[in-house]
Amino acid sequence: MTPQQFQAKLARGLAPAYLFLGPDTFWRDRCRAALIEATLPDPAERAEGLTRVDLSEMSLAEVADDARSLSLFAARRLIVAASAEAALPRGRAAAEEDGPGGKGNAAALEAYLRDPTPGVVLLLDCSRFEWEGDDKKKLERVRTFFSSVTEVVELRRATATEAQTEAAALARAAGLKLDRDALDLLVESLAGDLARIAIEIEKLRLFGKHEVDAGLVAAMTPDARETTVFALVNALGRKDRRHALRILDTLAREGEYLPLALSFLATQFRMALIAREAGLRSAGQIQGHFSKLGIPMWGSRAEAVLDTAQRFGRQQLERGMELIFQTDRNLRSPRPDDRTVMEEFVFSLTAQRPHG
Amino acid sequence: MEFTVNKSDLVRELGLSQGVVEKKTTIPILSNVLIEARDGQILLTATDLELGIRSACPAKVKKEGSGTVPAKKLLDYVRLLPDAEITIKFLENHWAQITCGRSRTKMAGMSRESFPELPPMPPASAEIPAGLLSSMIVRTIFAISAEESRFTLNGALLLLKPASSIMVSTDGHRLAFVETMKDVEKAGENLRVLVPKKAMAEILRLAQETGDGKAIIAGDENHLFFEFGSRLLISRKLTGNFPDYDRVLPKDNTQTAQLSRDEIKAAVERVAQFADERSRAIRLQFTPGEVKVFTSSVETGESEESVPTNYAGPEIDIGFNAQYLLDFLRVVPGEEVCFRLKDQRSAGELTPAGGPESFHYRYIVMPMRI
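Parameters at a glance
- Residues numbered from 1 in each chain as written.
- Chains lettered and ligands numbered in written order.
- Predicted model: local features only at pLDDT ≥ 70, side-chain atom pairs only at ≥ 80, totals over all residues.
- Heavy atoms only, no water.
- Pairing = 2+ DSSP bridges.
- Helix = DSSP H or I, 4+ residues; strand = E, 2+ residues; numbered from the N terminus.
- Axes fitted to C-alpha atoms, helices over the stretch in contact; angles between N-to-C directions.
- Contact = heavy atoms within 4.5 Å.
- Parallel < 35°, antiparallel > 145°, perpendicular 65-115°, else oblique.
- Phe/Tyr/Trp six-rings, centres within 6.5 Å; stacked < 30°, edge-to-face > 60°.
- Buried < 20%, exposed > 50% of the residue type's maximum accessible area, 1.4 Å probe, protein only.

### Here we look at the sheet that holds strand 1 (residues 2-6) of chain B
All names here are of chain B.
Okay, step 1: Strand order in the open sheet made by the five strands is 5-1-7-8-9, with antiparallel pairing throughout. The open sheet has two free edges, formed respectively by strand 5 (60-63) and strand 9 (103-107), since each of these has just one partner strand. Across this sheet, the average inter-strand angle for adjacent strands is 20 degrees, counted without regard to direction.
Okay, step 2: Sheet topology note: the strand 8 (residues 96-100)/strand 9 ladder contains five bridges and is antiparallel. Bridge pairing links Thr99 to Arg104 in strand 9.
Okay, step 3: Contacting strand 1 and strand 7 (85-90), helix 1 (residues 7-17) crosses the sheet at an angle of about 90 degrees to strand 1.

Written out as structure tokens, the structure is:
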């Protein structure tokens, strides 16, 4: 179920166990807060009634035993078990033990859920895996392992459209009026991360200005713009060597995972190539073209793709793709320093005539 | 610094510091014991920054001064020396030269300046017999929570009032409460402090060594002080709100069963061998004249025992963690114990029964759903 469905369902009563699946912190925080509120409405009960455990430190069977042991001080309890993925068996023998009729962790949970303790709610939280790529299979494995938990909340990262919609709603709730450019900039610079968007909107609210334009967003969220890999991708997409080197310096000092920038840049170059081949000449055309292909895109992203398509010729884009591949390989092979490899890449990519 | 000390005195006092010094530490000086020689005695100090201990023993001080050496290594070595006088001299490079009979050893030490300073003891807040304090600790220490996240439960509540002393510990599923009406000599207001578990274990050791002596208790903003003669234990205070224990002490457990402590302990110990290893869950069935203790597990088998009792109430079938029951049954004094129950979902209360007890001792255990 979606976080919204979960919140609506809470009002109708509590289940003995819930499984939160996915990486999104914004909805995770909201759903967890709603569950705490529903289970332990009196804040005074929470000191004793709310138990936090980590399944990388204790077994699921121990958590089930804890749920079965009644508490002296709390009539109602919520046990929040983080790192739910750590309960999964490792190795074939362990997996067999956790199979049907087994005596492993899953069986212990299943046995508990056949006769759960009244007043006790178990929250199993798996935030490690993404819903896309290789992680998707891992998430499905987690879901299968916890199949005895019927209430599953999927916490997916917001799509571009959802991020825009939710950001607008958050701004409205905060009493702010963001113009379209400001909203685009906020969502783009924070990579559509709703948790960070919520924090920035709170900052803007505290700043006390009711009407917010793009200038204010840029001034209030400078770190986000300067330190995300998106900022590096945009600078490289604009062939802005000086700015790219400056952002690279910040990213390297903060220990950012640099191959991520290459991955995003490769996407941007491919899109720019498609835009050139399709003869797209405006951001609107690019947005429409990619939307038809099933790739939703907000305005500022389309403008970035247009910028890249205009600044790089077809051959330069193809050469850029080769450079990205080489740099990616260099980052993965024994090398002196990621930063040196990336700096060489920036110099090669932003040269007036490509070399290397 | 140079002094001569009797081997048995040194071994005894060094032994006290072993529970305090850090064995695996990233701060090497915390593995060392600070030795200060002055006024015809040596002072030994050890700390892990949470707990500190200072003790003294008589010595012939040739030259006053101080130095530090690894506490465990020194004790291990001194134990092996013959029973004779030991002379220790600290050299310029902080090494200690140890001479005993025909043995001569140089042990690498560290500068005294890098050893942490322990806070001075403030004026006493209370004074109670050491034996009383150790009895209270023995009756409660096992119920302290081992979960680090529940830090206010990582120690016991000590309440010293003019006419009584109370110690309470709990891990959220069980609670041990002991109260004694013996007079507490006081120097100020009622004392209410949380004593960390590690400090309690050391206090127990010191109190048992002290025998009939007194324990002087004091506290400053961050520390608790327990003085037993020439020995001083300093512990960081646990801060936070201890749960309202009074609220969970049962008031309407009217079904009582008196049993022989040894019989029920032996029965639970035997039956628990077949309980689930993790949950240690067993069932107790109270019927008129008899308590059945039993468990069954598909992995290990099943076991059942019966213990006679004077119980005359309705049948109650209740699950408990066997370890919780045994923790109490192993320390409770007297030949008889009393189970006070309400029903299978409410907390059960265990108390000593039969003989005169100078302590008001109550042990509350929540049942397990089996």
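### Focus: the packing of helix 1 (residues 3-10) of chain A against helix 2 (residues 25-39) of chain A
Helix-helix packing is described using two parameters, namely the angle between the two axes and the distance between the axes.
Residue and element names in this part refer to chain A.
Okay, step 1: Contact pair helix 1 / helix 2: the axes reach a minimum separation of 10 Å and the direction vectors enclose 5 degrees. In terms of orientation, helix 1 lies roughly parallel with respect to helix 2. Note on element contacts: helix 2 touches helix 1 through Trp27, Arg30, Cys31, Ala34, Leu35 and Ala38, opposite Pro3, Gln4, Phe6, Gln7 and Leu10.

### Some remarks on the sheet that holds strand 19 (residues 255-260) of chain B
Residues and elements named next belong to chain B.
Okay, step 1: A sheet is described by the order of its strands in space; here eight strands give the open sequence 15-11-12-13-26-25-24-19, paired in antiparallel fashion. The strands lining the two open edges of the sheet, one partner per strand, are strand 15 (191-196) and strand 19. Adjacent strand axes in the sheet meet at a mean angle of 20 degrees, parallel and antiparallel pairs treated alike.
Okay, step 2: Pairing analysis gives seven bridges linking strand 13 (residues 174-180) to strand 26 (residues 359-365), with the strands arranged antiparallel.

### Overview of the packing of aromatic side chains
Residue and element names in this part refer to chain B.
Okay, step 1: Here the structure, examined in full by the defined rule, presents 11 aromatic pairs over all chains.
Okay, step 2: An angle of 35 degrees between the planes, with centres 5.8 Å apart, marks the rings of Phe177 and Tyr245 as tilted. In this pair, Phe177 sits in strand 13 while Tyr245 sits in the loop between strand 18 (231-236) and strand 19, placing the two residues 68 residues apart along the sequence. This pair shows no difference in class: Phe177 is buried, exactly as Tyr245 is.
Okay, step 3: Ring geometry for Phe286 and Phe339: centres 5.6 Å apart, planes at 55 degrees, overall tilted. With Phe286 in strand 20 (residues 281-287) and Phe339 in strand 24 (residues 336-341), this pair connects stretches of sequence that are 53 residues apart.

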